[in-house]
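# Reading the structure
Here is what each chain is made of, one letter per residue.
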Amino acid sequence: MEIRWLYKWHYLWIIVLLPIIHGHKTTANTLRFTKRSYNASIPENSVGKTYVRVDEKMGIFCGDPDVEIRYKIVQGNKDGFFKADEEVIGDFWFLQIRLRTGNVDVLNRERKDQYTLIVKATITPKNQKYSLAETETTVFITVLDTNDLSPLFLSSEYETTIAEDTSLYTSILSVVAEDADLGMNGEIYYSFEDITEQFAIHPSTGVICLTRPLRYTEKSSYDLVVVARDRGLNMKRSGKPSSTKIKIKVKQVNLYGPEIYVHHLPNIIEQSNTDIYAIVRLLDRDPGIHGEIDKLEIIDGDQDGHFRIRPSVKDGVVKKYEYNIEVLKLLDREAAPQGYNLTLRARDKGVPPRETFKSIVVQLTDINDNAPVFDREEYDVNIPETAPINSPIVKVKVTDADVGKNAEVLLEIVGGNEHKEFRINSDTGMLYTAVPLDAEIKSYYTLTVSALDQGNIGSRKQTAAKIKINIIDTNDNDPLFETAEADVYINENEPAGTSVTKVQAHDKDHGENAYLSYSIANLNPVPFEIDHFMGIIKTTQILDYESMRREYTLKIRVTDWGLPYRRQTEMQLKIHLKDVNDNRPQFEKVDCVGHIPRNIPIGKEIFTLSAIDFDAGNIISYRIVSGNEDGCFTLDGNIGTISVTCDLGDVKSDVRELNFTATDSSHFSDTSRMRINLIRTKNISETSVKLLNNENIGFECRDTGVARKLTDIIASSEKNNMPVSIKEEFAMMPSRYGENVHTPELINFPNEIRINESLPLNYILTSIKGRDRDLGYNGKLIYGISSGDDDSVFRIDPDTGDLRLIGYLDRERTTKYELNITIYDLGKPQKSISQILPVVILDVNDNAPKFEKNLVNIHVSENIANGTAIYKFNATDKDEGENAIVSYSIVYETCEFYINSTTGVLSISEPLDREKQNFFELTIRASDGTNDLSALHSDALIRIIVDDVNDNAPNFSLPQYSVRAREDIPLGTMVAILTGTDPDLGEGGEIEYSMEGEADIENPFSIDRLTGTIRLIMPLDFEERQVHTLSIKATDKGNPPLYSETTLVVEVIDVNENMYAPVFNSSLIACKVQENQPAGTLVTQVKAIDMDMKGDDSRVGYTIREGDGLGYFTIDNEGIERAFHHPMMKDEKDDIYAGKIDISLKRITMMQMSILHLLFGINLMGICGPYKSAVSSTNEKVSLKKQMESKLRMLTAIRLWCI
């Protein structure tokens, strides 16, 4: 707070003249005012001849007795208010400015508060008119304010309307008055003419606020009169204030919203023609139009407009405030599976209208109106034809938008499975093989799978999907020749590359499994080759019947391109070499020369021709080509014998040449020449006899070697056509293409598999190992699960034997599987072996405990005893063992409750206090297992509502309150608001206030029993009492009632009531005193008058402010000035000083030495609340007073205390 020291003073100049001899003359250079400018003041409305007040001597020093000085206002006095006078005392010509007399107008500060006068001083010789010198000075005159104006309201009447539900201490209106005066004269206090508890007005701002609840039904308008006084007037406690009328109208408010009550009808069956779902009744507790219902509507939850609201009608009469929720369209539960959450809004006709909202959940009962839906309309899958029985093929997924039995689906194969090759698991949707498949018999299946829901008979719905199964060929068929054996013939001597025949085989498999390659499987070289792809057999060389093999047996092998093994078949092809007459006969001997006697007897054989034909079976005949014209020789054409047929003695020539040829009827040999020498002999000598007896009489021939060659050919032919062993000639068919001898065997088959139910899909549980001692396809193993997988969660890789998970395990569904593992080979006939594999599903903590109730609401009294059980939770866990052990805990620990971890009993652990916390929402956690890392949990929510007991007395926030109030605040001013709180409910929380004052005085304050508002009802007087101590009591309406007390200390703030300064009778007093007077000599006596009320404010004190030189003078409080201490002496050295001594007594009047207080501080409730004083304790006041006294002691004035 600002602390202001207020002084009011008046100055009196006292000139004490001492006899001094002057010896100088005044010149123009020495003529000047004591200052270039002066500051003066004069109260407004002053009467004529009132002098302005100055703080210092105003004029000119002039000790020349032969001159005169005149003052004149030459500028700034346009209105003629002022006049300049001169008064000479000693050697000083005082300038005095006063108001002229006879002025019609007066000084008005509000009109003009400052005048600037130019005063000219003219010095002339005595009794002369001419001027010796002139000079000027400026005088600034300030017009001082007086309380000459009353506050004026801007409006004579104010009117406002407020709602009856306006909050307490809300500012509702502000009145404004103006006062053009300054200081306290212009400060305005506002108050009500008649004190009211309904409203309060801020004394300084004029803001009116509400201090009691309004009720339109009790009073609909208020007429108030607000009074405005300025503080100057308020000090006098007199005068007429200004006033204005206030009319406050109370507007009836719509206090209550409509209440909605819904009567539900049974759940709606979807797609039914239900008309009315619910009946809604509305109630509004407001009277009049505020209680009338404007409308009820659906504002949310029905975007598609399935519902509408219409007034209820009975017997043609509309029921008031009763409505039906009607169904407009057929409802589909599948479109809104959670139902419809309708939000109703009821609005009344109040101003402003109030709205109430209510949510209604519309549940729909399902009918079987949806057919099952496959996730795909068509499935395309591939499966090898070697897949064993019960091999999983594809899993179909079916959903049904209905619920309950209407959504349960039965799967069945209804088409394409005439021979029952497949089966489907209706529970899992897995399709399996039911018989061995053969791609060669049927390579493509189109199955129709039906999904039939299990709704009521007659309403069941069915849908179907196609499963297209492509049977993949796996090379399970051997290539087959058209015939197992064949005989072909070929002529000898055909050129190399001659096609012999074409063999052709067929394979029932497909693709590369049916691609065929041909080869000759003979171990020994044969003069044939085969086109590997076409099967055409060709010769690789020219074949010779006579020297080569005449019959070839070929093993033709056909091989497919299948994987992992190729299949092959052999056939026997016999190639017969046909002999062709491709050789001419050849003579064994040629160029024969012989001697025969002429006397050889006729008919005698002389020579036998021998010709050889390499061709087998040819008959050779001989012929004489030439040299036998006379017929002396004859040739047996069949055997080649040459005989004599004539008498050779008659033959003239001694030498005969015969030419022969041999033929096989197709070819002729080269001509063989024979030379016969005829010799003459008389007697047949012994030599002749020998010659005649010789087969070839006397012939010598050249041997052609044909016989030897024929022998070689025959030997080669015999060798090449010797019988051969099959083992030597042909490679054995590989054993893998042989018979399927051995049965598959299981290797290291596990006795049991124990697995966790949490294993992921495609996890390999184990690898089944088997073997088959056969080779090729006879030893190729295929793995399968014949039975035991009713949940369709396992699959064994048919090639590797890896047992995998294809579905999720759930121990709570199935604890053990007994899988029938079967191993098949691909031999013919197929052999297999089976063995049961137990699969035990181990429990994993995959099920959280489940509460019987997830949401619990209970009420408990706040005075319930510690240890009382208030609820028992029960949770179960589907797991087993430790995973099923449930422990209970409170998620967010609270000191008020604890739960038994084993039994789940929730109990009270500390006293409850509804006023601290009236609602608890605890999250109870049920955890399973003992391993914190794997433990699962579920939470339940319990809402605990603490019921109230009247166990709390009203409470003030502080044991003592302190406020400050100016002593001049108007009656009815709101000094403080003391509001207690009682956290109890109902009557136990309703508070009434009372107040007890001090015993020794009448209590100047009152308290509103309903709101605790404290008002001033009697004037305060700081001089009579500085502090008021009040006891405030707050009592609730409980049974029994409880109460509490607090103390309110109101410190009264002193206000400066000293309105007027003392006034001297005259502004100048001249007096004389002789020198050498003793101390205490009376010099003069001054008198000042104070217009304040009788008392300290009007008591006057005096002091000498300046001009007493070395302290020769003193003045008492009676205004008597005396010589002080030293006798006054004339000193030649000081005659100038002594001669110019002037004693100025300046009177200062102290206003009440107190601090200016603000009566009000910050409003506790808003702009119109009570204010607090700047000084809050008595100690502060005492300290302030000491400071004040210290400052006063520093003054050199004689002080008047006005306390």
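Data block above holds the structure.
Owing to the predicted nature of the structure, the values given are computational and were not obtained by experimental measurement.

## Digging into the overall build of the protein chain
- Looking only at helices and strands, one finds six helices and 87 strands in the protein chain.
- Within the protein chain, the proportion of its 1203 residues that are buried is 46%.
- Contacts in the protein chain between residues far apart in sequence, at least 24 positions, make up 72% of those at least 6 positions apart.
- Total accessible area computed for the protein chain in this model is approximately 61500 Å², and 49% of it derives from carbon and sulfur atoms.

## Considerations on the sheet that holds strand 6 (residues 82-89)
- One open sheet holds the three strands; their spatial order is 4-7-6, and the pairing between them is antiparallel. Unpaired on one side and paired on the other, strand 4 (59-61) and strand 6 mark the two borders of the sheet. In this sheet, adjacent strand axes meet at a mean angle of 20° when their direction is disregarded.
- Of the strand pairs in this sheet, strand 6 and strand 7 (residues 92-99) are connected by eight bridges, and their pairing is antiparallel. Paired with Asp85 across the two strands is Gln96, which belongs to strand 7.

## As for the sheet that holds strand 72 (residues 919-928)
- Strand order in this open sheet of four strands is 66-73-72-69, and the pairing throughout is mixed. Whereas interior strands pair on both sides, the edge strands pair on one side only; in this sheet they are strand 66 (855-861) and strand 69 (886-890). Adjacent strand axes in the sheet meet at a mean angle of 25°, parallel and antiparallel pairs treated alike.
- As paired elements, strand 69 and strand 72 share five bridges and run antiparallel to each other. Within strand 72, the residue paired with Ser887 across the bridge is Ser927.

## As for the nonpolar core
- By size, the foremost hydrophobic cluster in this structure holds 31 residues, and its most contacted members are Ile69, Tyr71, Phe82, Leu95, Ile97, Val139 and Ile141.
- Mapped by element, the contributors of at least two residues to this core are strand 2 (37-43), strand 5 (67-75), strand 6, strand 7, strand 8 (114-125) and strand 9 (133-144).
- Top element by residues in this core is strand 8. It accounts for five residues.
- Leave out the neighbours within four places in its chain, and Leu95 touches Phe33, Met58, Gly59, Tyr71, Ala84, Asp85, Val119, Thr137 and Val139.

## As for unusual backbone geometry
- Geometrically, the link from Val351 to Pro352 is a cis peptide bond, its omega value of -10° lying close to zero.
- Mapped onto the elements of the fold, Pro352 is located in the loop between strand 25 (340-348) and strand 26 (355-362).
- For the bond from Asn1039 to Pro1040, the omega torsion is 0°, close enough to zero to count as cis.
- Within the secondary structure layout, Pro1040 lies in the loop between strand 79 (1027-1036) and strand 80 (1043-1053).
- Unlike most non-glycine residues, Lys49 shows phi in positive territory, near 70°.
- Within the secondary structure, Lys49 sits in the loop between strand 2 and strand 3 (53-54).
- On the basis of relative accessibility, which here comes to 54%, the residue Lys49 falls in the exposed class.
- At Asn390, a position not held by glycine, the phi torsion is positive, near 75°.

## Some remarks on the pairing of strand 2
- For strand 2, the buried fraction is high: five of the seven residues fall into the buried class.
- Across seven bridges, strand 2 lies against strand 9 in parallel orientation. In the strand pairing of strand 9, Ser41 is matched with Thr142.

## A short note on the packing of aromatic side chains
- Considering all chains together, one arrives at 24 aromatic pairs under this definition.
- On the basis of an interplanar angle of 80° and a centroid distance of 5.2 Å, the ring pair of Phe199 and Tyr222 is categorised as edge-to-face. With Phe199 in strand 15 (residues 199-201) and Tyr222 in strand 17 (residues 221-230), this residue pair connects regions lying 23 residues apart in the sequence. Residue Phe199 shares its accessibility class with Tyr222, and that shared class is buried.
- Consider the rings of Phe851 and Tyr888, whose centres lie 6.4 Å apart with planes at 55°: the pair is tilted. With Phe851 in strand 65 (residues 850-851) and Tyr888 in strand 69, this pair connects stretches of sequence that are 37 residues apart. No difference in accessibility class separates Phe851 from Tyr888, as the two residues are buried.
- Taken together, the ring pairs connect Phe851, Tyr871, Phe873 and Tyr888 into an aromatic cluster.
- One cation-aromatic arrangement involves Arg285 over Tyr256; the distance from NZ or CZ to the ring centre is 4.3 Å.

## Considering the environment of Ala953
- Position of Ala953 among the secondary structure elements: in the loop between strand 73 (937-947) and strand 74 (960-966).
- Residue classification places Ala953 among the partly exposed residues on the basis of a relative accessible area of 29%.
- Sequence separation between Ala953 and Gly980 is 27 residues, and the spatial gap between their C-alpha atoms is 9.6 Å.
- Excluding residues that lie within four positions of it along the chain, Ala953 makes contacts with Thr981, Asp982, Asp1036, Leu1042 and Tyr1043.

## Some thoughts on the pattern of salt bridges
- For the structure shown, the criterion picks out 49 salt bridges.
- We note a salt bridge from Glu570 to Arg557, for which the minimum N-O separation is 2.3 Å. You can see Glu570 sitting in strand 45 (residues 568-578) and its partner Arg557 sitting in strand 44 (residues 551-560), a full 13 residues away along the chain.
- With relative accessibility at 18%, the residue Glu570 sits in the buried group.
- We note a salt bridge from Arg656 to Asp630, for which the minimum N-O separation is 2.6 Å. Placement of the pair is Arg656 in strand 53 (residues 655-663) and Asp630 in the loop between strand 50 (621-626) and strand 51 (633-635), with a sequence separation of 26 residues.
- According to the relative accessible area criterion, Arg656 is buried, its value standing at 9%.
- Relative accessible area serves as the criterion here: at 42%, Asp630 is assigned to the partly exposed category.
- Three or more residues are tied together by salt bridges with common partners; here these are Glu297, Arg345, Arg347 and Glu355.

Calculation notes
- Residues numbered from 1 in each chain as written.
- Predicted model: local features only at pLDDT ≥ 70, side-chain atom pairs only at ≥ 80, totals over all residues.
- Heavy atoms only, no water.
- Helix = DSSP H or I, 4+ residues; strand = E, 2+ residues; numbered from the N terminus.
- Buried < 20%, exposed > 50% of the residue type's maximum accessible area, 1.4 Å probe, protein only.
- Contact = heavy atoms within 4.5 Å.
- Areas by Shrake-Rupley, 256 points an atom, 1.4 Å probe, with all protein chains shown as cover.
- Pairing = 2+ DSSP bridges.
- Axes fitted to C-alpha atoms, helices over the stretch in contact; angles between N-to-C directions.
- Core = buried A, V, L, I, M, F, W, Y, C linked by side-chain atoms within 4.5 Å.
- Phe/Tyr/Trp six-rings, centres within 6.5 Å; stacked < 30°, edge-to-face > 60°.
- Lys NZ or Arg CZ within 6 Å of the ring centre and 35° of its normal.
- Salt bridge = Lys/Arg side-chain N within 4 Å of Asp/Glu carboxyl O.

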